[in-house]
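Here's the letter readout for the chains.
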Amino acid sequence: MLFTIVRTDGGVDGILLVIAAMIGGYMAMNIGANDVANNVGPAVGSHAITLTGAIIIAASFEAGGALIAGGDVVGTIKNGIIDPDLVADRDTFIWLMIAALLAAAVWLNFATAVGAPVSTTHSIVGGVLGAGIAAAGWDIANWKQVGMIGASWVISPLLGGLIAALFLYIIKRTITYKSDVLAAANSMVPLLVSLMAWAFGTYLMLKGVKKLIKVEFITAVLIALAIAVIVYAIMRPFIARATQKMKNDKSSVNDLFTIPLIFAAALLSFAHGANDVANAVGPLAGINEAIVGGTVTDKASIPIWVMAVGAVGIALGLALYGPKLIRTVGSEITELDKMRAFCIAMAAAITVIMASQLGLPVSSTHIAVGGVFGVGFLREYIKSSYARTLQDIRDHHVNNAPSEVEAFLARFEAADVTTKGEMLREMKQQASGTKLLAKRERRGLGQVHRIELVKRTLLLKIAAAWVITVPFAGGLAAMFFFMIRGMMLP
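Quick caveat, the model's predicted, so the values are computed rather than measured. (Residues numbered from 1 in each chain as written. Predicted model: local features only at pLDDT ≥ 70, side-chain atom pairs only at ≥ 80, totals over all residues. Heavy atoms only, no water.)

Undergrad: Tell me what's going on with the nonpolar core, and back it up with residues and numbers.
TA: Core analysis: the biggest nonpolar cluster contains 150 residues, and Met27 and Ile175 have the highest contact counts within it. The biggest single contributor to this core is helix H8 (residues 181-208), with 16 residues. When sequence neighbours within four positions are dropped, the list of residues in contact with Met27 reads Leu101, Ala104, Ala105, Leu108, Thr120, Ile124, Asn279 and Ala280. Within the second largest apolar cluster, ten residues are counted, among which are Leu390, Phe412, Ala415 and Met427. (Core = buried A, V, L, I, M, F, W, Y, C linked by side-chain atoms within 4.5 Å. Buried < 20%, exposed > 50% of the residue type's maximum accessible area, 1.4 Å probe, protein only. Helix = DSSP H or I, 4+ residues; strand = E, 2+ residues; numbered from the N terminus. Contact = heavy atoms within 4.5 Å.)

What follows is the structure, encoded as structure tokens:
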């Protein structure tokens with residue numbers, strides 16, 4: 001506010017610019033408080049990094065991404081959601097943008113307060129859409145884009161959840177289900193980390209530095225592949241040395257994913273700062289352009305003071321109000337360890353790369369939260385299936401001495417996944433022709449052994465918040481626009 005006052009000559013335009021700068025800073029703080037949790041939440045929840053460490057890393061890389069790779073020009077109308085040519089005049093455009101910024105910021109503030117991670121992009125889109133319709137009627141809206149946003153509510157979490165669950169299943173099958181987990185880790189962990197380097201290298205070039213240098217998709221993939229090969233060459237001897245000092249158990253292997261997770265949190269934060277700072281500074285840059293240049297435009301140059309408002313606001317919002325959402329994403333939805341958090345980070349990068357090439361509308365917030373739910377539901381399914389398998393074994397040995405049953409179960413639980421399968425096949429062959437349980441009894445057992453590892457109330461709350469983000473922000477923006485116009489008209 002003070003900086004903007006010094007830069008203006010006073011008058012109504014000067015006051016409007018001061019107000020817009022304050023609201024832009026408020027919006028940036030809300031982006032930091034809500035959106036950044038998706039980048040560092042899984043790393044914090046898995047104890048790969050402390051909350052304080054995560055805030056320092058994320059704040060530094062978010063601000064760095066915004067200032068270094070945020071670009072010199074920004075779209076003022078996010079996603080082309082309205083047609084600026086239909087806005088009547090410069091003053092109406094300024095009121096529209098102030099209303100949109102304020103509505104998006106207020107909605108994000110409310111969502112953060114109730115612990116719901118929502119899309120900041122959808123919030124500002126809803127704000128611009130609502131204020132635009134209030135200013136110029138229904139024809140101003142790009143309804144095709146609105147439909148694409150609606151589709152992303154389903155596409156983003158589903159893709160994120162499926163990819164995260166797929167990686168977790170691969171890790172379980174190739175490492176944690178083996179009898180010698182250290183030997184399996186020696187061969188698989190360097191491969192997984194180099195795959196992460198490939199995905200993040202591509203992601204960073206396509207999304208993180210796209211405003212600094214324009215890189216084609218194939219070029220980005222090849223450069224990232226070269227980085228992945230180097231990472232593999234470094235990680236293979238490093239993992240071999242590390243596993244020599246470890247116990248042959250899952251928790252030891254889990255620690256091998258700590259450093260990759262810290263890198264992932266930093267890189268995701270950098271890319272997020274470079275991209276999503278536009279949600280705060282885009283409308284502010286548009287207002288500044290309208291006041292200084294007297295023009296209504298869908299592209300505006302970004303003065304360094306406007307970018308600083310966004311960068312500092314995101315870092316400050318994260319430091320002051322970020323911990324609430326970081327805890328929600330990192331530990332309240334489902335329990336995360338480092339392997340699960342690694343899978344969520346992989347899903348975040350790979351889903352964005354896939355979606356950008358296929359032209360699918362996705363939200364980074366929805367992808368990350370979908371990834372958390374994906375690993376949680378996979379764990380539920382695996383644990384419930386395992387509990388039913390143990391019950392099948394007990395049913396099969398119902399006529400045996402308890403000591404024999406316990407001995408078989410002990411051998412079964414100690415075996416790797418291949419041996420387990422052979423033991424079960426042998427047991428079923430012996431039981432062929434003997435129906436141990438009726439269908440109804442089996443269904444009942446399924447209910448008994450259903451294990452819930454995902455908090456359903458949070459799932460419903462977050463899904464509801466996603467669905468109402470655009471209409472709620474739009475309704476607020478329309479209301480604020482009419483209030484501002486009522487105050488400004490003679």
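Undergrad: Account for a nonpolar patch on the surface, with residues named and values stated.
TA: A cluster of nonpolar side chains, contributed by Leu195, Trp198, Ile218, Leu222, Leu225 and Val229, occupies part of the molecular surface with about 530 Å² of accessible area. Going through the elements one at a time, H8 and helix H9 (217-244) are the ones with two or more residues in the nonpolar patch. No other element matches H9, which puts four residues into the nonpolar patch. By the secondary structure assignment, Leu195 is in helix H8. (Patch = residues over 30% accessible without salt bridge, like charges linked within 9 Å, V, L, I, M, F, W, Y side chains within 5 Å. Areas by Shrake-Rupley, 256 points an atom, 1.4 Å probe, with all protein chains shown as cover. Salt bridge = Lys/Arg side-chain N within 4 Å of Asp/Glu carboxyl O.)

Undergrad: Please provide a residue-by-residue account of the packing of helix H5 (residues 90-114) against helix H6 (residues 120-136), values included.
TA: To characterise two packed helices, one gives the angle between the axes of the helices and the distance between these axes. Following both chains from N to C, one finds H5 and H6 inclined at 140°, their axes separated by 8 Å at the closest point. The orientation of H5 relative to H6 falls into the category oblique. Relative to H6, the crossing made by H5 is right-handed. For the pair formed by H5 and H6, the contact residues are Thr92, Leu96, Ala99, Ala100, Leu101, Ala104, Trp107 and Leu108 on the first element and Thr120, Ser123, Ile124, Gly127, Val128, Ala131, Gly132 and Ala135 on the second. (Axes fitted to C-alpha atoms, helices over the stretch in contact; angles between N-to-C directions. Parallel < 35°, antiparallel > 145°, perpendicular 65-115°, else oblique. Left-handed = near helix turned anticlockwise from the far one by under 90°.)

Undergrad: Outline a positive patch on the surface, listing residues and values.
TA: On the surface, Lys210, Lys211, Lys214 and Lys299 cluster together into a patch of positive charge. As for its position among the elements, Lys214 is in the loop between H8 and H9. Classification of Lys214 by relative accessible area gives exposed; the value is 76%. (Lys, Arg positive; Asp, Glu negative; His and termini not counted. Charge placed at Lys NZ, Arg CZ, Asp CG, Glu CD.)

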